[in-house]
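Letter by letter, the chains look like this.
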Amino acid sequence: MATQVYIVYYSTYGHVEKLAQEIKKGAASVEGVEVKLWQVPETLPEEVLGKMGAPPKTDAPIITPNELAEADGLLFGFPTKFGMMAAQFKAFMDATGGLWGAQKLAGKPAGIFYSTASQGGGQETTPLTAITQLVHHGMIFVPIGYTFGAGMFEMEKVKGGSPYGAGTFAGDGSRQPSELELEQAFHQGKYFAGIAKKLKGTA
């Protein structure tokens, strides 16, 4: 049986979605791993999204809380709002009470990736505060640490991400994930998938 890795994300302007696509490539590069991309439900009306200038959503399917239980490993991605996960993703996590009650996610590995507008805007606080969601479910947090090597010490270029996971800076929305940020996202997917596969093999 293949190891099932689900990449579950929310993206307003497409920055987190681009990271998710690269993470998927990395995870899929591990033999014996199957990867699925999922979006969480949008909570804002189309009219509001239009005024915000948000592009249309991609065709990644919308996930329901119960579908999380089917995965062997979960990677959660979201933009920051004031240094914490966006409300859309928090609303989705708030709907997982049934899974929590039945301990359906306990013991599953989970990772986090994210985007922020600025360098001091939550590249560490966003994943750090999101860990509470994993803890209450009894999930196993899998950070990338410094396994990305020299890319973690880049000082000449603006680069998102941290030991917690892959990240990008959106700026005013016009900046797109850099080549280095996408490489880190690929690395996170590959690294996480390898651990999820090992954990499944020992279950």
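Values in this document were obtained by computation on a predicted structure and should not be read as measured data.

Conventions and cut-offs
Residues numbered from 1 in each chain as written. Predicted model: local features only at pLDDT ≥ 70, side-chain atom pairs only at ≥ 80, totals over all residues. Heavy atoms only, no water. Helix = DSSP H or I, 4+ residues; strand = E, 2+ residues; numbered from the N terminus. Rg over C-alpha atoms; globule rule 2.2 N^0.38 Å. Buried < 20%, exposed > 50% of the residue type's maximum accessible area, 1.4 Å probe, protein only. Contact = heavy atoms within 4.5 Å. Areas by Shrake-Rupley, 256 points an atom, 1.4 Å probe, with all protein chains shown as cover. Lys, Arg positive; Asp, Glu negative; His and termini not counted. Charge placed at Lys NZ, Arg CZ, Asp CG, Glu CD. Arc of directions from axis to C-beta. 1 Å grid on protein atoms, 1.4 Å probe; cavity = no way out; pocket = protein on both sides within 12 Å on 5 of 7 lines; lining within 4 Å. Points joined across faces, edges and corners; volume = space filled by probe spheres on them. Nonpolar A, V, L, I, M, F, W, Y, C, P; charged D, E, K, R; others polar. UniProt positions renumbered as here; feature names shortened; annotations may be inferred.

Student: Run through the overall build of the protein, naming residues and quoting values.
Tutor: On a plain count of helices and strands, the protein comes out with six helices and seven strands. In the protein, the succession of helices and strands from N to C terminus is β-α-β-α-β-β-α-α-β-α-β-β-α. For the protein, the C-alpha radius of gyration of 16 Å lies close to 17 Å, the compact-globule estimate for 203 residues. Seen through its C-alpha atoms, the protein measures out along the principal axes to roughly 45 × 40 × 30 Å. Per-residue burial over the protein gives 48% buried out of 203 residues. Taking the intrachain contacts of the protein between residues at least 6 apart in sequence as the baseline, contacts between residues at least 24 apart amount to 75%. Of the accessible surface of the protein, which amounts to about 9,700 Å², a share of 59% is contributed by carbon and sulfur atoms. For the protein, the centre of its 17 positive side-chain charges and the centre of its 19 negative side-chain charges are spaced 4 Å apart.

Student: Requested: an account of helix α3 (residues 87-94), with residues and values cited.
Tutor: Taken as a whole, α3 has its buried residues at Gln88, Phe89, Phe92 and Met93. The buried residues of α3 occupy an angular sector of 135° when the element is viewed end-on, so they sit on one face. Within α3, the exposed residues directed more than 90 degrees away from the buried face are Ala87 and Asp94. For α3, the elements touching its buried residues are β1 (3-9), β3 (73-81), β4 (84-85) and α5 (125-137).

Student: Before we move on, can you summarise the layout of surface pockets with the specific residues and values?
Tutor: Within this model, the largest pocket holds a volume of roughly 330 Å³. In terms of lining residues, the largest pocket is bounded by 16 residues, among which Met152, Lys159, Gly160, Gly161 and Phe169 are the most central. Classifying every residue of the lining of the largest pocket by side-chain character gives seven nonpolar, five polar and four charged. In this structure, the second largest pocket occupies an estimated 220 Å³ of space. Along the walls of the second largest pocket sit 16 residues, with Tyr13, Pro79, Lys81, Ser115 and Ala170 positioned nearest its centre.

Student: Can you lay out the UniProt feature "domain: Flavodoxin-like" (unreviewed entry) in the protein for me, pointing to particular residues and giving the numbers?
Tutor: In the numbering adopted here, UniProt assigns the feature "domain: Flavodoxin-like" (unreviewed entry) to residues 5-192. Annotated as 32% helix and 19% strand, the span residues 5-192 places its first and last C-alpha atoms 9 Å apart.

Student: Please provide a residue-by-residue account of the environment of Phe186, values included.
Tutor: Along the chain, Phe186 falls in helix α6 (residues 179-202). C-alpha of Phe186 to C-alpha of Ala27: the two residues are 159 residues apart in sequence and 7.4 Å apart in space. Look past the residues within four positions of Phe186 in its chain and what remains in contact with it is Glu22, Ile23, Lys25, Gly26 and Ser29.

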